[in-house]
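# Per-entry structural report
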Amino acid sequence: VQLQASGGGLVQAGGSLRLSCAASGSIFKIYNMAWYRQAPGKQRELVAGITGGGRTNYADSVKGRFTISIDNAKNTVYLQMNSLKPEDTAVYYCAAESPFIRDTHWGHGTQVTVSS
């Protein structure tokens, strides 16, 4: 499983970005997908997750502002981020997590910087 994340950048507070994570094949029925982030000096934290059946979950800090979705035809998972805040600044990583065994694949991170 290979994951390629993209879409990060610099945006002003209140702005929007959409992150993309392209998978190397049709894996979404095998793996749950998730976005994590890691800010400087902090631990990596779960931002949003989505199962193969489309069930989603979000960190409290992003509920109502971020949306995770999957495009099966493009083998791509997205994270739409609206109303961005400076505290959203972090490196964002996508991950494919098996719901059956201890098997997680990580993409390279993409930097998101929100200026105040």
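Anything mentioned here points back to the structure above.
An account of the accompanying structure is given in this report. (Residues numbered from 1 in each chain as written. Predicted model: local features only at pLDDT ≥ 70, side-chain atom pairs only at ≥ 80, totals over all residues. Heavy atoms only, no water.)

Quick look at the overall build of the protein chain now. Check the secondary structure of the protein chain and you find zero helices and eleven strands. Going from N to C terminus, the protein chain has its helices and strands arranged as β-β-β-β-β-β-β-β-β-β-β. The C-alpha radius of gyration computed for the protein chain amounts to 13 Å, which stays within 12% of the reference 13 Å derived for 116 residues, consistent with globular compactness. Principal axes of the C-alpha set define a box for the protein chain whose edges measure 40 × 30 × 25 Å. (Helix = DSSP H or I, 4+ residues; strand = E, 2+ residues; numbered from the N terminus. Rg over C-alpha atoms; globule rule 2.2 N^0.38 Å.)

With antiparallel pairing, the four strands of this open sheet are ordered in space as S1-S3-S8-S7. With partners counted over all chains shown, the strands left at the sheet margins are strand S1 (3–6) and strand S7 (66–71), one partner each. Within the sheet, the average angular offset between the axes of one strand and its neighbour, ignoring direction, is 15°. Pairing analysis gives six bridges linking S7 to strand S8 (residues 76–81), with the strands arranged antiparallel. Across the sheet, residue threonine 67 finds its bridge partner in S8, namely glutamine 80. (Pairing = 2+ DSSP bridges. Axes fitted to C-alpha atoms, helices over the stretch in contact; angles between N-to-C directions.)

One pass over the full model with this rule turns up one disulfide. Here cysteine 21 connects covalently by a disulfide to cysteine 94, the sulfurs 2.1 Å from one another. Handedness of the cysteine 21-cysteine 94 disulfide follows from its S-S torsion of about 60°: it is right-handed. Placement of the pair is cysteine 21 in strand S3 (residues 17–23) and cysteine 94 in strand S9 (residues 90–97), with a sequence separation of 73 residues. The exposure class assigned to cysteine 21 is buried, which follows from its relative accessible area of 0%. (Disulfide = S-S within 2.5 Å. Buried < 20%, exposed > 50% of the residue type's maximum accessible area, 1.4 Å probe, protein only.)

Of all the seven residues making up strand S4 (residues 32–38), five are buried; the element is thus mostly covered by neighbouring parts of the structure. Strand direction decides the pairing type here: S4 and S9, joined by seven bridges, are antiparallel. Opposite methionine 33, over in S9, you have alanine 96 as the bridge partner.

What follows is about the side chain of aspartate 88. In this structure, aspartate 88 sits in the loop between S8 and S9. Of the polar contacts made by the side chain of aspartate 88, one reaches the side chain of arginine 65; its length is 2.8 Å. Among the polar contacts listed, one links the side chain of aspartate 88 to the backbone nitrogen of lysine 85, at a separation of 2.8 Å. Those residues within four positions of aspartate 88 in sequence are excluded, and the remaining contacts are Arg37, Arg65, Phe66, Ser83, Val112 and Val114. (Polar contact = N/O pair within 3.5 Å; in protein donor to acceptor, adjacent residues only side chain to side chain. Contact = heavy atoms within 4.5 Å.)

Our focus in this paragraph is the packing of aromatic side chains. For the coordinates displayed, the defined rule picks out two aromatic pairs. Arranged with centres 6.5 Å apart and planes meeting at 90°, the rings of tyrosine 93 and tryptophan 106 form a pair that is edge-to-face. Remark: tryptophan 106 occurs in strand S10 (residues 104–106) and tyrosine 93 occurs in strand S9; sequence separation between them is 13 residues. Given a relative accessible area of 39%, tryptophan 106 falls into the partly exposed group. Taken together, the aromatic side chains of Tyr36, Tyr93 and Trp106 make up a single cluster linked through ring pairs. (Phe/Tyr/Trp six-rings, centres within 6.5 Å; stacked < 30°, edge-to-face > 60°.)

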